[in-house]
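# Topology and contacts: notes
These are the residues of each chain, in order.
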Amino acid sequence: MKIIKYILPLILVMVLVVGTTDIMAKRVKLPQIYMFGFSASFTDSIVYFTDVQAVENAWIDDSNDFLEGRGIYANQLKDYLADELQMPHRVCIIMYATKREDVEKKFLKLKRLYTVKAKDMYDVRYLNTQEFRFQKLDINFEEEQ
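Described below are features of the structure shown in this document. (Residues numbered from 1 in each chain as written. Predicted model: local features only at pLDDT ≥ 70, side-chain atom pairs only at ≥ 80, totals over all residues. Heavy atoms only, no water.)

### Some words on the overall build of the protein chain
Basically, it comes down to this: The way it works is that DSSP assigns letters per residue, a run of H or I at least four long becomes a helix, a run of E at least two long becomes a strand, and they are numbered from the N terminus. The rule is simple: take the accessible area with a 1.4 Å probe, protein chains only, and divide by the maximum for that residue type; under 20% is buried, over 50% is exposed, in between is partly exposed. Contact definition: two residues touch when any of their heavy atoms are within 4.5 Å.
Per the secondary structure count, the protein chain includes three helices and six strands. The linear arrangement of helices and strands in the protein chain, starting from the amino end, is α-β-β-β-β-α-β-α-β. Within the protein chain, the fraction of its 145 residues that count as buried is 31%. By sequence separation, contacts in the protein chain at least 24 residues apart represent 73% of the contacts at least 6 residues apart.

Here is the structure:
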């Protein structure tokens, strides 16, 4: 009997936590977001920046503003560098925002880090939109209201 009075509140807390996470996690489909990619490697000093690009039909997790499928976008850049430029094993990230001005600030801040503060350490290269373009993802979430 004593164990039941400890287990019952624990089960109740677990049900509440699991139930509220579904309520809090809302995915919202945005008509357009802006992003750029960055790539570096631990084995060489070459870093790549893509242009700031508009990507259509992106899904954002409304509770924490995370871009759904952000790893897939990063892998698009990684695959391009490995296949087209024969530069495998690179670390690729993407930076995004819903407003172009916000992502351009992020772009300039990261670019300044590699071109001004550490200009003699890195070979900075740029990929324009004719060379590389992020492809929109076909994620089938139902838009939540």
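### Points about the pattern of salt bridges
Note the following rule: The term salt bridge refers to a pairing of a side-chain nitrogen on Lys or Arg with a carboxyl oxygen on Asp or Glu at a separation within 4 Å.
In this structure the tally under the stated criterion is four salt bridges. Linking R90 and D44 is a salt bridge whose minimum nitrogen-to-oxygen distance equals 3.3 Å. Taken together, the positions of R90 in the loop between α2 (70-84) and β5 (91-97) and D44 in the loop between β1 (27-40) and β2 (46-50) put the pair 46 residues apart, joining distant regions of the chain. Take R90: its relative accessible area is 3%, and that puts it in the buried class.

### Here we look at the environment of I139
Here I139 is to be found in the segment after β6 (123-127). Linking I139 and A58, residues 81 residues apart in sequence, is a C-alpha distance of 8.4 Å. Aside from chain neighbours lying at most four places away, what touches I139 is W59, E68 and G69.

### A few points about helix α3 (residues 100-117)
Heads up, the rule is: Expected helix span is given by 1.5 Å per residue-to-residue step, counting one fewer step than there are residues. Two axes enter the bend calculation: one fitted to the seven residues ending at the residue in question, the other to the seven starting there, and the bend is the angle between them.
Between its first and last C-alpha atoms α3 spans 25 Å; for 18 residues at 1.5 Å apiece the expected length is 26 Å, and the two agree. Roughly 30 degrees is the biggest bend found in α3, and it falls at K111. Of the positions making up α3, those classed as buried are V103, F107, L110 and Y114. Packing partners of the buried residues in α3 comprise β1, β2, β5 and β6.

### Some details on the pairing of β1
As a reminder of what qualifies: Strands were regarded as paired on the criterion that DSSP finds at least two bridges between them.
Sheet analysis places β1 next to strand β3 (residues 53-61), joined by eight bridges and oriented antiparallel. Paired with K29 across the strands is W59, a residue of β3. Note that β1 and β5 share seven bridges and pair antiparallel. Bridge pairing in β5 links G37 to I94. Alignment of β1 against β2, held across two bridges, turns out to be antiparallel. The residue of β2 that forms the bridge with S39 is Y48. Counting the residues between successive antiparallel strands, the hairpin from β1 to β2 contains five residues.

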